[in-house]
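Now for the letters of each chain:
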Amino acid sequence: MDDLLNSATDFVHQTWIQVEATPLVTTLGPSLVTQYAQGDFWVSAEASWDPDDLVSSSELHFTWTCETSGGYTCGNVTALVNDSRPGAHHYNASEAPGTTFNFTVQASSPGRASIQASQLVVFQDNRACELAIRCISNCDWSNTNPSEQLVLEAVPGSSDTPLYDWSVVEHPGDFGGLQTTSSEPELVIASNTFNVEGTYSVRVVNHNQVCGGGLAVSEWKFRVLAPPALRNETLSSPCVLERAGAGGCVCCGKFVDDLGLPVTYKFRPISSVDVEKARVQFPQDEPFLQTTLPLTPYYSQAQWYCSRFFPPKDFIMEVEVISVDGRVWALNITEETQEDRTQILVDGLSQIQGLGADDVTDLSSLLTISAAEPDKLSKNTTLQVARGLELSAEAMKMLVENDTTASIPLKDIKVVSANIFTGFTILLNATAASAGKDKGSNLQDQETSEANNETARAAFNAINNVLSMYYALAPDNESATLEMSVLHAKVHKEPCEDAQKKVFTVNDTLFVVPAFNTLANGCEEGSFGVEVINSDFNPFRYSENSPDVGSEVVGLTVWRGQDRTLVHHLPEPVDMIIPRDKQRTITAMYKHTGRIGSNDDIIVVPFQPQRARTALTILLYVTSTSHADLDLPHVQLVWQKVSAPTADSFKADNWTTVLPVPQAQLYTLQLTHTYNNTNLTSHPYSWLLPSEALNVTELDIQDNTTFYLGVKYAAEDTSTPVETEVTVSLLESACVYFGENSSHLWEGNGCKVGPLSNTTHLHCRCDHLTKFAGFVPPNPINFDVALSANIAENSMGLIAVVSVFGLFLLGLLTARKADRMDLTKVGVTTPIGHKLNPDPDYHYIVTVYTGFRLDAGTTAQVSLTVFGFRGESEPLALRDDRRQLFGGGSVDSFLVSSEELLGPLTHIHVWHDNAGLSPGWFLSKVVIQHVCSGRVDYFICNKWLALDEDDGRINRMVFVASPEEMAEVSNLISERAAKDFHDGHLFYSVIGRPARSPFTRAQRLACCMSTVYSAMLTNIMFFGQADNFDPPEPIRIMGVEMEPPISLPEIMIAIESAAIVFPINALIVLLYRNAAPKPSSTPAGKHADTKDVKTQETEKGRRCRLPWWAATVAGLLAFAVSFVAAFFTVLYTLSFGRDKAEAWFTAFLASFVTDMILIQPVKVLTAAVVLGLLIRKPTTEDAPPPTEPAGDEEYLQIEAEQSAPEVSARTPPAGEDLARDRAHRIRRKRCRHLLKEMLLYGTFLSVLMVMSYTERSSLAFHMNNSIRRALEGSPTFLKISDPASYWTWLEQGVLPAVHCPAWYNDRSCEDNLTLPDHLTRAISPLQLRQVRTRQEQDCNVPAAMAHVVAGCLDEYSAGEVDTGSYSGSWGVVTNYTDHDNSTDNRTVLSPWDYTYGDINNGFLYVGDHGVYSGGGYTAALGRTLNDSLQTLAHLRSNGWLDNRTRAVFMEAVLYNPHANLFGVVTMTTEFSITGHVSTATELVIFRIHHDGQVLLLVLRMVLIIFLLFSLVREVLRFNTHAIAYLADPWSWLEMLIITTGMATMGLYFRTQSMTDEVSGHLKEGHALFHLYRAAAMWHQVYTYLLGALTCCTLVKFIRLLKFNKHVNALLYTMKKTAKPLISFLVMSGIVFTAFALAANLVLGTSVPGYSSLLGTYTSLFNMMLGSFPFADLREGSPIWGPAIFLSFQVTMQFILLSMFMTIIMDVYMAVKADDPEDVGMMVFLWEEVCGAAHKVRVAANRPEAQRQPAAREGQFTQLDQMHEVLEELDRDEKSREEKRREERRREERRREERNRMLRYSESPSVWFV
């Protein structure tokens, strides 16, 4: 076996399939007939047929025989000649009565077997005895199908009172008999009657009065074959049903057919759900179709069937085993278990994707079956069923819209829509019933309400989709109706033609809609659709005010095109007549009966309204009790509040009327074009009081205020008063609409009660169909639900609140510690060792501002010398060991004096001694104040005092700033931005708070906590409210339509949130900032040297301060606000539920982090720039004095008398030490910078690589190959040479590849547009697009050749493209004046109309013979193979491709759902004027929907931040060193990276917008190729830029590795060889171009690679690489081809390439000998490790030093001295080593120079100048 496996032998398996034809079926009709003995008769075998349909009946050959009953030939019967009917014989008989003839016939055809048929003819002497049987259905006598009904008909010879008797005279023994008493001529025998195998004979006898004795007789003889039978008869059950999850399997035994033919198994689940089912009517003239909740049967040749989904319970599985000829064995399997699997079924159905028409039918049926018992469904299950039905509606709508060939039967569309309507009617009715029951727990009520809300939303969304689907299918003036007993829906499509009102009815509800041209701006867009819905119940019963709704609920929607039209502020309202709920009307209506007999009688009707803001309908029923024949009297009514009306009340002008209303004044609603143009008129004895007239308030309802109606005879009634009975009916009414997308409440804005309202119907008049609002209400809190909720199940709000408070506590500890440390930084101190001059006139306060930069602070000792007009001070050492000085952003003040009067100050000299670990210092400014005069001078520096920054100086001369210098824009902006960041901004200032500010870090943190809690509350108050409003309408500016980025509700939410958060938190900050310090019971000591100055500052700062307890009030307010906001935030989260609470917290956290990181810095910088430009006021010293210390704080105390060691100012280092130290620090800085840049670029590169390969699929390559194999696999594509071969390629190569073939059992493929792999499918049918030249004469034939040819064609160019429109062929031009041939209007494509490409997103296609746009003549193929072939045949027969066709594009959009990849294919065929045909395939594989969208978004945001940081850094570098920056090649590479990165991200957003647009069209069912190609091309360009960005970034990484000696040498070599290589490349380019031109001219007409100049360059470059077709060159030109080849190779390979290598090697050897500068990264890392160890040792000794300050001072001094000595020794050793290396380099360089000169002198042939 191993040898066999390891051998290289190929094994070939062969098999044979033998196909046998079915025998021909010969038939003569009935087996026995009765004929007249003296006449002509026919014996016909014309009905014989070929079951395989290979031979027609006219081609059969018949062999006839005839015998008498005695066995003799039929001698007395003469056959008449009949050549026109070869399958029938016409006989002339003359026989004795009772004679019988037996005719036999056999049909035959070459190579085919046949079945013989016979007919017995009995002759009688009476024509009334003639009788025959004619078969109508199931007429194959040789194999009658028992599973079908058999229909026979008796045909008598005369019509004399026939009376028929049917019976079965021959049958098998096991036959059960035929029970029939029919005397009619037609006999219908039910299916499965003849279920026993054998021969049967059905006889009919005509018992008429003329031919008696049963002589009129005929028989039909047939044979029934046995149906397929179970092979193993010992099985207890032929089929078994097993359930598994939501589905299961049906397994049957093996069935066989006696004929040896294969059998097919049919499995069909049948549900026994007993619910009312919806009815559908479309078109309107057809009868209603009622759904049966069908499930698609499954056919297979395997004896088992497994499905993921079966009906949940109580269903029957119908199993049929069908033979090839139609014989059936049937069995019904009933599910034995009664387990309800509805939940499992719904869970599985909710995950179905990629639905076809049959799938939607099954899905909708199963979901409706699941909803049949809604009381047994949980809330989640009900919601899942609703969402599944909504998905079914969306899927069916998309399928119908994409079905351009109408391949989906209309009946299937009706069935699906009826299923969906049935399911939602059941669910809506159940939710309404559950909402009306007794309330449960508050939490349950909240969850039920949310579930009912979502169910109603899904229901009406699905119904809208269904009606929209019918609207798209219907022509104008057509309607579609869906109805059940309690829910009705209808859509009507009307043309926008006239300006008349339209009347629509559904059930018993009537709508009168204004003219369509008033609903929108004119009728430019054609038809309108009106969708009306009527519900006998309230589907929004879950709403809080639903109990007030007492009528049927109706809905009205207007469609314009495919879009829902927003209708509001109508000039005429929409009138609606809605039936009332009879039971509620009787209960709510108040009746009062009274009598009036004289003018003084008054009927007083007391009435207590039950609801506020309602209208009151008053109806009077007046009858005269004494004179019934008199006209009804006029009565006057008055409405009055509080007191009963009197006679004087009727004299009032307000709220009184006289009834009946005159006929001319009655309100009339005209119903044109309906009800025979009838009108609806108000009742004359009705009075409508609007809500503003009633003026019923909520207080009136609470106090049960009584209103009164007075009725009396009217004064204008001059008739004699008679006794009259008046019955007054009062009914409160209100017209409301449901805020489905906003408040989920019944609201009445824009709707009023109409005068046609009565006790049976409600008349409403509304001026809008949608809701608009200016004030956005916050989310309501259901306190009962929130307070009864389980905090353990929904703890998101509590976690958020506690987390914020925990962060506050941690921050408070740190902030408190930092506040205490700030006390060491405040105040004015005298430098240690400095002796103050007793004369105060010589005193100055020096304030030093350290800038806000990274590492801006210094550890060195700072010294200062002040210069004035009269003199200068001695050097001042600004040192104070009691506090930390000159930290980043610190402000340090010193009280100093001079020995002599300085006068006005001019400049200062400031320096430091460059000591410590971080001596570099960024000095912002120095402010010097003369104590006595108060004069302040500013010395603005804003420069580094560091050896490794700026110019490397550590001492500077700073001159006093002039007013102009202080008012410079850059200075103002930087100062204001620094102040805003570190003191103005509440959050940022917690870290950067100025030490002298009275607003402490702890107080700022308390304000931050209050602000965060307030923001959380306002955010959750309005969470999701903006989504309840319609999006803003587009704005058109100068012809450009733009979508507003923000809507009015969002603006209102922002204003309302700010109004809640800002006032209270601004008050807290104001109190904290302006509160005076609390007096201390134990006075804290101050610096003795600063007592007087500090007192002055304190008194100055106290001038506008609040009392000290204002800070306490602010703290209490902060904690109160935080507690209240936190409490209500938790309540909101408990009221929302867990899912919504988590969604809110995620959204809040994301918005808060984004705001703090991105938006707030931009706002602060923008404000600084704007204020700096507008307010040109210099920044002055306005820092407030420090706060007094609290009880646990104190200033550092030093007695004035305490002696201090004298400290002299150190001079700045200079000379060799300074230079050495500068070089050392510059090297360290470079190493640190290089290390940071490596980390930064490493992170950038990692993000870029992860982003690039996360969105890239490894399956794209395989999908590309698979598609190319399917479409290019046929060799005919590459062999296309003319239009005829192009058509052949389409018919034989492309169409079979994109249309799924039928299955093995002839079952059609469900996905017609599927590639042969059954995995990749076409989203839309293929389309052909051709570009052709104009029909006019293109060029002129030379006169000398005019006798050869009359005309010629010009080559293709963009100006010669034909853009005309034609009718059926290229010779018939059609003139269109108003048609739109744009890509966005490609609904029905005509192959003879030019379609223009999309200008915005159009990409040019570059071919071999031209550049083509996206326009052309487009022909769309069909969804099925037959349709596509018919389209191709039509195009081919009409000459769609001719000699003016220049390019044909076969375009397709493919999708593989398994890999989630799209493929856009463009197969181009170019026809040149020379007859050459070029073919090319462009295939782009891309992905629209990514799984890791969140990760990709985060990575792109990080990438954008990196790019912005790099951009700012490069701009700053350019501003600092412009010339040097531009001279550095790496700077250009950096700019290229930034530019490419920005372009890549811009293209990403462009690509994303295109993919979003494609997704939107895909959801709507539109698959426009130009959109997909634009998205693919943008994705392709984005991919190219992403690849270029990755390449440039990796190249830049080489520079960061220059600390490596070899990499550094390589970079240095590239730098040194740049100039000589440029010169060499110029020379090489000239030589290369010379050979290219020569080769193109000599070989361009004979060698393919040299036909164009670009191709020549490519071929020569390949020749340099060693790839060259020398045989082609020699064949193209036997002399010049080899000559060019040899000369080119010698010149380029042996001469120029040697020069190139010599230049590089020469420079490289010199660079290697010079040993270029070594960065010394390893030395740097070792020094950093040693420095870190030194810091650890210092930190370990710090506690001891704190206990003994003097010893610590000495210890630090010794350590510093030891460290300096070690550094000095290290520097000396490095200097000596450097000198030795320099000597070695020089010696090596001299030796190399001598050797090179020696080589050049010995080989002069390689010396080039």
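Residues numbered from 1 in each chain as written. Predicted model: local features only at pLDDT ≥ 70, side-chain atom pairs only at ≥ 80, totals over all residues. Heavy atoms only, no water.

Here's the deal with the overall build of the protein
- In terms of helices and strands, the protein carries 35 helices and 70 strands.
- For the protein, the residues scored as buried account for 44% of the 1809 residues in total.
- The long-range share in the protein, meaning contacts at least 24 apart out of those at least 6 apart in sequence, stands at 74%.
- Entry remark: accessible area of the protein is about 92900 Å², with carbon and sulfur atoms responsible for 56%. (Helix = DSSP H or I, 4+ residues; strand = E, 2+ residues; numbered from the N terminus. Buried < 20%, exposed > 50% of the residue type's maximum accessible area, 1.4 Å probe, protein only. Contact = heavy atoms within 4.5 Å. Areas by Shrake-Rupley, 256 points an atom, 1.4 Å probe, with all protein chains shown as cover.)

Quick word on the pairing of strand β26 (residues 328-334)
- Relative to β26, strand β25 (residues 315-323) runs antiparallel, the two being bridged by seven bridges. By the bridge assignment for β26, E318 is matched with N332.
- The hairpin turn running from β25 into β26, its antiparallel successor, is four residues long, and G326 in that turn takes a positive phi close to 100°. (Pairing = 2+ DSSP bridges.)

Quick look at the packing of helix α12 (residues 796-822) against helix α16 (residues 1001-1021)
- Packing of α12 against α16 brings their axes to within 8 Å, and their N-to-C directions diverge by 160°. With respect to each other, α12 and α16 are oriented roughly antiparallel. Seen from above, α12 lies across α16 with right-handed handedness. Every residue of α16 that contacts α12 at A800, V801, V804, F805, F808, G811, L812, A815, A818, D819 and D822 is listed here: R1001, A1002, L1005, A1006, M1009, V1012, Y1013 and M1016.
- Residue classes in the contact of α12 with α16 are distributed as 15 nonpolar, one polar and three charged. (Axes fitted to C-alpha atoms, helices over the stretch in contact; angles between N-to-C directions. Parallel < 35°, antiparallel > 145°, perpendicular 65-115°, else oblique. Left-handed = near helix turned anticlockwise from the far one by under 90°. Nonpolar A, V, L, I, M, F, W, Y, C, P; charged D, E, K, R; others polar.)

Topic: unusual backbone geometry
- Between F282 and the following residue, P283, the backbone shows a cis peptide bond with an omega angle of -5°.
- Along the chain, P283 turns up in the loop between β21 (279-281) and β22 (289-290).
- Along the chain, L659 connects to P660 via a cis peptide bond; the corresponding omega equals 5°.
- Along the polypeptide, P660 turns up in the loop between β39 (656-659) and β40 (668-670).

Considerations on the confidence of the model for the protein
- Averaged over every residue, the pLDDT of the protein is 76; the share at 70 or more is 78%.
- Below a pLDDT of 50 lies the segment residues 1744-1759, which in the model reaches eight contacts outside its immediate sequence neighbourhood of four places, other chains included. (pLDDT = per-residue confidence, 0-100.)

Observations concerning the side chain of N837
- Looking at the secondary structure, you find N837 in the loop between β49 (828-829) and β50 (843-850).
- Among the residues examined, N837 registers a relative accessible area of 16% and is labelled buried.
- A polar contact is formed between the side chain of N837 and the backbone oxygen of S898, at a distance of 3.1 Å.
- Apart from residues no more than four positions distant in its own chain, N837 is found in contact with Y842, H843, S897, S898 and E899. (Polar contact = N/O pair within 3.5 Å; in protein donor to acceptor, adjacent residues only side chain to side chain.)

So, the pattern of salt bridges
- Taken as a whole and assessed by the stated rule, the structure comprises 26 salt bridges.
- Note that K414 and E286 form a salt bridge whose closest N and O atoms lie 3.2 Å from each other. Linking K414 in helix α5 (residues 410-435) with E286 in the loop between β21 and β22, this pair joins segments that are 128 residues apart in sequence.
- Two residues, R1436 and E1291, come together in a salt bridge whose shortest N-O distance is 3.5 Å. You can see R1436 sitting in helix α24 (residues 1425-1437) and its partner E1291 sitting in helix α23 (residues 1283-1298), a full 145 residues away along the chain.
- Given the relative accessible area of 36%, R1436 is considered partly exposed. (Salt bridge = Lys/Arg side-chain N within 4 Å of Asp/Glu carboxyl O.)

Digging into α23
- If you check α23, its first and last C-alpha atoms are 21 Å apart, about what 16 residues at 1.5 Å a residue would give, namely 22 Å.
- Of all bends in α23, the biggest is about 35°, found at L1290.
- Residues of α23 that are buried: S1285, Y1286, W1287, W1289, L1290, G1293, V1294, L1295, A1297 and V1298.
- Along its buried surface, α23 packs onto α22 (1259-1272), β61 (1327-1332), α24, β68 (1445-1456) and β69 (1461-1471). (Expected span 1.5 Å × (residues − 1). Bend = angle between axes of the 7 residues up to and from the residue.)

Overview of the sheet that holds strand β17 (residues 239-244)
- Spatially, three strands are ordered β17-β18-β24 in an open sheet, and the strand pairing comes out antiparallel. Two strands in the sheet have a free side with no partner beyond their single neighbour: β17 and β24 (304-307). Across this sheet, the average inter-strand angle for adjacent strands is 10°, counted without regard to direction.
- Note: β17 against strand β18 (residues 247-252), six bridges, orientation antiparallel. Residue pairing for β18: E242 is matched across the bridge by C249.

As for the environment of Y1394
- Looking at the element boundaries, Y1394 is found in strand β64 (residues 1394-1395).
- Separated by 21 residues in the primary sequence, Y1394 and G1415 have C-alpha atoms spaced 7.2 Å apart.

Description of the packing of aromatic side chains
- Summed over all chains, the structure comprises 52 aromatic pairs.
- The interplanar angle of 80° and the centroid separation of 5.5 Å between the aromatic rings of F1127 and F1128 together place this pair among those described as edge-to-face.
- For F1127, a relative accessible area of 41% puts it in the partly exposed group.
- Ring pairing ties together the aromatic residues F255, Y265, F267, Y298, Y305, F310, F315 and W329, which thus form one cluster.
- R853 extends its terminal NZ or CZ atom over the ring of F922, reaching a point 4.2 Å from the ring centre. (Phe/Tyr/Trp six-rings, centres within 6.5 Å; stacked < 30°, edge-to-face > 60°. Lys NZ or Arg CZ within 6 Å of the ring centre and 35° of its normal.)

Focus: the sheet that holds strand β48 (residues 761-766)
- One open sheet accounts for five strands, arranged β29-β30-β34-β48-β47; its pairing is antiparallel. Each edge of the open sheet is held by one strand with a lone partner, namely β29 (502-506) and β47 (751-753). Mean inter-strand twist for the sheet, computed between neighbouring axes without regard to direction, equals 20°.
- Taken together, the five bridges between β29 and strand β30 (residues 509-513) define a ladder with antiparallel strand orientation. Bridge pairing in β30 places V503 opposite V512.

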